[in-house]
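# Inside the fold
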Amino acid sequence: MRSDGILGAGGVGGGGSDQNRATSAVESRRRWLKRRETWLVLLGVALHAVYMLSIFDIYFKTPIVHGMDPVPPRFSPHPPAKRLILLISDGLRADKFYEPDVDGNYRAPFLRNIIKNQGRWGVSHARPPTESRPGHVAIIAGFYEDPSAVTKGWKANPVEFDSVFNQSRHTFAYGSPDIIPIFCSALPHSTWNSYPHEYEDFATDASFLDEWSFDQFESLLNRSHHDPKLKQLLHQDKLVFFLHLLGCDSNGHAHRPYSSIYLNNVKVVDKIAERVYHLLEDYYRDNRTSYIFTADHGMSDKGSHGDGHPTNTDTPLVAWGAGIKYPRPATGHSHSDSVTSFVDKHAHDMPTPYDWGLNRVERVDVNQADIAPLMSTLLGLPCPVNSVGNLPLGYMKLNEAEEVEAVLANTKQILNQLLRKSHIKMSNSLFFKPFKPLVDHSSSLSQIDELISAKRYEAAMKLAVDLRNLSLEGLHYFQTYDWLMLMTVITLGYTGWMIVLALHVLQCYSSLSGDLSRKGHLSVQKKDSRKVYLSGCLLMAILTVLNLVEHSPPLYHAYIGMTVFLWTQIFSEYRLIRGLWIYLRERKAGYFVKLLFAAAVAVVIVELLVHSFTERKLYTWFFLIAGFVSSILLHISIPWRSGVPVFVCISCWFLSVFTLMPAEIPDNNNLVVISGAIIIVISLAAKWLDTHAEGNKFWQSITFHESRKPMWSKLYFIQIVLVGVSSVMVSLSTEHRTQNQELNSSHQFINWLVAGSSMVLPLFSGNGILSRLSSIFLGFAPPFLLLSIGYEAVFYSALAVVLMAWILFENASHYSSKAKDSSPSEQNTEEHVTIGSEERYLQLSDVRIPLIFMVLFNVAFFGTGNFASIASFEISSVYRFITIFSPFLMAALLIFKLFIPFMLVICAFSAITKLVRVPRLGCYFLVILFSDIMTIHFFFLVKNTGSWMEIGNSISHFGIVSAQVVFVLLLFALTNLYTRTIRVKPLSTSPSLKTL
């Protein structure tokens, strides 16, 4: 017979050599294989660690550059305003601000009067992540959140940037300690104050925080009457007053945005705006003050924000005072006079909602970053040098010449950023590619100046706006300048790594290497290999020199060096690749059909796993289909009536229910107690099968024992008792803690004792597959029950039953294949040894084992949520072990709870590799290979825009699959303590069987 190796038929080389030489050769090969695989694992760890960092060089590189000269607008004789007051109501939704209450009264009567009689209004469109820091950065600095701030959780400045406050003569700012210091802590020409963090109490009405900010501002003006220096400062030009009003945000989080407290806070904010206006007008009496009222983000109905939903991105904008146009009648549906597209990517230019009562007043919408150049231009200041906002002329009261000059200054400021980025990139690049549309930007600027001199303002405006739009495109071009190179290098690196793994598996764990050796396709030519390595070293040296000349970051050297090294390794195996190509050309069409079918199934499963990270319900469909298909296959392969197909089908369908349940696990102690009873029933059934089915030739592989010891039955009984005790303690501990608000010390001691001792007992259980896995299942049940709060305790049993179904499926498949191969020659071929006396070559059909393992491994991860969900990190899970706050111990217990299902899956996987006699490390490398297909997929799905949750999840998904090379290996090493002594008896090929 010809054995179906992983890529096809292969046989066993003829023997006859001396026994000692054969033994020596096997030992030598084993040592070589151990060294090679140790090197391969270390390479994989290093590669994934380095490539994981690449996303920060690609997706999260700061757009901020320094070294540009500010460009002030050319106004004559003076700018429109001497001072500007900026009021930002944190978390204020546009609809809640503009719409009336249930009685038909509007919540902001003062600002509504401003809209109708004194100023301009619209909706300011925020870009996700709709958080407080990004919103304030957009408003005050004019650019959207520096994506490198992801490394600091959007809390601090990773790179210093310019702002309206920086350009001002002096800034006075009062408000939240989370916002004010971002802009003022390092600003010498500022006066600021913030309240203590303790003031932010979600249990109270937070509108008093807004009153605090106003009181500070009022106190400033009052002090000036007794402080000549302060009064002199307050009467200078280019001043900015900033009041941060946090009340709506805090009340929205605590009480939701439709609550009376939140809606009343809108009235408080309006009243503060009115008091600020009258206070300043009475103080200065010169009509040279501009007022801007807006919000950093909105608030969802659930009391959260961060994503791109309109309730989060749509914020109010009201402007009035010096330099601001008066209201105009609405003339159409367009709400913008200068913005070509809005950053929140929603449908716009929709009619103003009728209940707002503002349909007849012209509305001018802006992007949030447009507010910064608006404020700068009003004060005659240069726009912040990092701003990407477009000046919204629909708000400004300027003559035609001043409008062109203001837009030109805005354009030059954005163009200067592009020129600076271009200069930096050109000075460090040997093969620089300029942004072609702006190669001749100087002539465009000259043409604009000529048109202004000729007073052809309309033509000059059009050229300036076009130049500004091209400059913004150029900024994106240079921001992503290295993307193609880096993404190509990283993709080639992952691809090369997967090819190295595939070649290793083919060479060491399939019959291919032996086939090619016998046919003379693997003749050793060391000189050719040396040429390949020499060429690889030469290429690496050239690329290193190029990177040094271009002053590339150190990690660029690592990315490129790792990729070149991997492909050098691949080309050094060119004899194997050439032999593989010859081997494939000799195959028949039927073989390629099998290969393509296996590849298609693998691709479908890998894609299922990729999409399951965002849609857990896919597992439900998978297990519904898998239960049906596997039961049909078992019915065909088992030539007698058996309950195994039905058991496998029901097991899969039972597990499919859990991925439909919410990730937020509700407390249900009764369900946890019932789960203990379910665990005991399952273990008793396994014990009965282990005892009564040993003589059956179908079951003997999983019920085999070298010997039976009386202590094993006693051990089994002790484990069942411990499960029962843990179930009782779940009820007692929770009841006592609920009634007395503390954990009883005796309960705590018993819980720790039961959980700790139960995990040691499986080490002394029987070494048959069924008995050892049942003991492991019972051993981890007590700690899992004691750490459970709801339905996840039932999930533990459901997962264990499916793992048993997988073992039965593999047992049936292996039995049927053995039954077909009845001749002695066929049996010898099938049992050909590769590494040890109990392992055979991998076959094409064995690919199902790592694929099924990956599905179950991910189900163990997502079956009751995921690592970032409330379910997985519900702190009450640890209250039966500890209630006094101890972050490290609590975190360790929570992580251990997550690891327990993984332990079950890997123990079952190890048992199956022993059952079907395939090398576990060979399957491990296939798992990593398939995982890295997912890694490449997630690499391209990383996001640097969107909500903080979307960005964080995209990073974590990429990180999870990247870390599997280490994570899975560590769990293999840990579970090896439990599975290394498992013994399997070879299946008999005798056709005489008992019906089960």
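Under the annotation held in an unreviewed UniProt entry, the protein chain carries the name GPI ethanolamine phosphate transferase 1 and is attributed to Brassica carinata. UniProt's Sequence similarities (unreviewed entry) comment on the protein chain is quoted here verbatim: "Belongs to the PIGG/PIGN/PIGO family. PIGN subfamily." On record in UniProt, under Function (unreviewed entry), the comment for the protein chain is "Ethanolamine phosphate transferase involved in glycosylphosphatidylinositol-anchor biosynthesis. Transfers ethanolamine phosphate to the first alpha-1,4-linked mannose of the glycosylphosphatidylinositol precursor of GPI-anchor."

Attention now moves to the overall build of the protein chain. The helix and strand inventory of the protein chain stands at 35 helices and ten strands. By the burial criterion, 55% of the 996 residues in the protein chain qualify as buried. Within the protein chain, contacts between residues at least 6 apart in sequence are counted, and of these 81% link residues at least 24 apart.

This part covers the side chain of His 244. Relative to the helices and strands, His 244 resides in strand E7 (residues 239-245). The class of His 244 is buried, set by a relative accessible area of 0%. Here the side chain of His 244 touches Asp 90 through a polar contact of 2.8 Å, side chain to side chain. Residues contacting His 244, with those up to four places away along its chain left out, are Ile 88, Asp 90, His 136, Tyr 174, Gly 175, Ser 176, Ile 179, Ile 180 and Ser 213.

Turning our attention to the sheet that holds strand E3 (residues 83-89). Pairing is mixed in the open sheet, where eight strands are placed in the order E6-E5-E7-E3-E8-E9-E4-E10. Each end of this open sheet is capped by a strand with a single partner; those strands are strand E6 (190-194) and strand E10 (366-367). Relative to E7, strand E5 (residues 170-175) is paired through five bridges, and the arrangement is parallel. Residue Thr 171 lies in a different strand from E7, and its bridge partner there is Val 240. Relative to strand E8 (residues 289-294), helix H13 (residues 371-379) is tilted by about 170 degrees, and along the sheet it contacts E3, strand E4 (120-125), E7, E8, strand E9 (314-321) and E10.

Among the six residues that make up E5, six are buried, leaving the element largely enclosed by the rest of the structure. Side chains His 170, Phe 172 and Tyr 174 project from E5 onto one buried face, and the interleaved Thr 171, Ala 173 and Gly 175 project onto a second face that is buried too. Bridge count for E5 against E6 is five bridges, and the pairing is parallel. Within the sheet, the bridge partner assigned to Ala 173 lies in E6 and is Trp 192.

Following both chains from N to C, one finds helix H28 (residues 745-758) and helix H29 (residues 769-786) inclined at 145 degrees, their axes separated by 7 Å at the closest point. In this structure, H28 crosses over H29, and the sense of that crossing is left-handed. Judged by residue contacts, Asn 751, Val 754, Ala 755 and Ser 758 of H28 engage Gly 779, Pro 782, Pro 783 and Leu 786 from H29. When the residues that make up the contact of H28 with H29 are grouped by side-chain class, the tally is five nonpolar, three polar and no charged.

A few words now on the pattern of salt bridges. For the coordinates displayed, the defined rule picks out 18 salt bridges. With a shortest N-O distance of 2.8 Å, Glu 405 and Arg 74 are connected by a salt bridge. Taken together, the residues span a long stretch of sequence, with Glu 405 in helix H14 (residues 400-427) and Arg 74 in the loop between helix H2 (54-58) and E3 at a distance of 331 residues. The class for Arg 74 is partly exposed, based on a relative accessible area of 47%.

Enumeration according to the criterion identifies 58 aromatic pairs in this entry. Pairing Tyr 283 with Tyr 284 gives two aromatic rings, centres 4.9 Å apart and planes at 80 degrees, and the pair type is edge-to-face. Here the aromatic rings of Tyr 291 and Trp 320 are separated by 5.0 Å at their centres, their planes lie at 10 degrees, and the arrangement is stacked. Of this pair, Tyr 291 sits in strand E8 while Trp 320 sits in strand E9, and the two are 29 residues apart along the sequence. With a relative accessible area of 1%, Trp 320 lands in the buried category. Grouped by ring-pair contacts, the aromatic residues Phe 853, Phe 857, Phe 861, Phe 899, Phe 902, Phe 909, Tyr 924, Phe 925, Phe 967 and Phe 972 constitute a single cluster. The ring of Tyr 716 carries Lys 687 above its face, with NZ or CZ at 5.0 Å from the centroid. Of note, Arg 920 hangs over the ring of Phe 972, and the distance from its end group to the ring centre comes to 5.0 Å.

Bringing the nonpolar core into the picture now. One finds Tyr 51, Phe 623, Leu 655, Tyr 796, Phe 853, Phe 930 and Met 934 to be the most contacted residues of the largest nonpolar core, which totals 156 residues. Ranked by residue count, the leading element in this core is helix H30 (residues 792-820), at 17 residues. Residues in contact with Phe 930, not counting those within four places in the same chain, are Ala 602, Val 606, Val 847, Pro 850, Leu 851 and Met 854. Core analysis: the next-biggest nonpolar cluster, separate from the first, contains 64 residues, Ile 292, Leu 379, Leu 381 and Ile 452 among them.

Bringing the environment of Thr 204 into the picture now. Relative to the helices and strands, Thr 204 resides in the loop between E6 and helix H8 (207-224). Thr 204 sits 47 residues away from Asn 251 along the chain, and the two C-alpha atoms are 8.2 Å apart. Residue contacts for Thr 204: discarding those within four places in its chain leaves Asn 251 and His 255.

Residue position: Arg 420 is located in helix H14. Ignoring anything within four residues of it in the chain, the contact list for Arg 420 reads Val 65, His 66, Gly 67 and Met 68.

Put simply, the protein chain has an average pLDDT of 85, and 85% of its residues get 70 or more. Confidence, expressed as mean pLDDT per element, reaches its minimum in the protein chain at strand E2 (residues 8-10) with 39 and its maximum at E8 with 98. Note on residues 987-996: pLDDT under 50 across the span, and 30 contacts to partners over four residues away in sequence or across chains.

On the surface, a nonpolar cluster with roughly 920 Å² of combined accessible area is contributed by Trp 621, Leu 624, Ile 625, Phe 628, Val 629, Ile 632, Leu 633, Ile 636 and Trp 653. Per-element accounting of the nonpolar patch gives the leading share, eight residues, to helix H23 (residues 617-637). Examined against the element boundaries, Phe 628 turns out to sit in helix H23.

A separate point is H28. Counted at 1.5 Å a residue, the expected span for H28 with its 14 residues is 20 Å, and the 20 Å between its end C-alpha atoms agrees. Residues His 747, Asn 751, Val 754, Ala 755 and Ser 758 constitute the buried set of H28. Buried residues of H28, viewed axially, fall in a sector of 90 degrees; they line one side. Seen from the open side of H28, the exposed residues pointing more than 90 degrees away from its buried face are Ser 745, Phe 749 and Leu 753.

Moving on to the pairing of E3. Across the seven residues that make up E3, a large majority, seven, are buried. The side-chain alternation of E3 yields two buried faces, one formed by Arg 83, Ile 85, Leu 87 and Ser 89 and the other by Leu 84, Leu 86 and Ile 88. Summarising the sheet, E3 and E8 pair through six bridges and their orientation is parallel. If you follow Ile 88 over to E8, its bridge partner there is Thr 294.

Between its first and last C-alpha atoms H23 spans 30 Å; for 21 residues at 1.5 Å apiece the expected length is 30 Å, and the two agree. Listed as buried for H23 are Tyr 619, Thr 620, Phe 623, Gly 627, Ser 630, Ser 631 and Leu 634. One side of H23 carries all its buried residues, which in axial view fall inside an arc of 105 degrees. Residues of H23 that are exposed and point over 90 degrees away from its buried face: Trp 621, Ile 625 and Ile 636.

Conventions used here
- Residues numbered from 1 in each chain as written.
- Predicted model: local features only at pLDDT ≥ 70, side-chain atom pairs only at ≥ 80, totals over all residues.
- Heavy atoms only, no water.
- UniProt positions renumbered as here; feature names shortened; annotations may be inferred.
- Helix = DSSP H or I, 4+ residues; strand = E, 2+ residues; numbered from the N terminus.
- Buried < 20%, exposed > 50% of the residue type's maximum accessible area, 1.4 Å probe, protein only.
- Contact = heavy atoms within 4.5 Å.
- Polar contact = N/O pair within 3.5 Å; in protein donor to acceptor, adjacent residues only side chain to side chain.
- Pairing = 2+ DSSP bridges.
- Axes fitted to C-alpha atoms, helices over the stretch in contact; angles between N-to-C directions.
- Left-handed = near helix turned anticlockwise from the far one by under 90°.
- Nonpolar A, V, L, I, M, F, W, Y, C, P; charged D, E, K, R; others polar.
- Salt bridge = Lys/Arg side-chain N within 4 Å of Asp/Glu carboxyl O.
- Phe/Tyr/Trp six-rings, centres within 6.5 Å; stacked < 30°, edge-to-face > 60°.
- Lys NZ or Arg CZ within 6 Å of the ring centre and 35° of its normal.
- Core = buried A, V, L, I, M, F, W, Y, C linked by side-chain atoms within 4.5 Å.
- pLDDT = per-residue confidence, 0-100.
- Patch = residues over 30% accessible without salt bridge, like charges linked within 9 Å, V, L, I, M, F, W, Y side chains within 5 Å.
- Areas by Shrake-Rupley, 256 points an atom, 1.4 Å probe, with all protein chains shown as cover.
- Expected span 1.5 Å × (residues − 1).
- Arc of directions from axis to C-beta.

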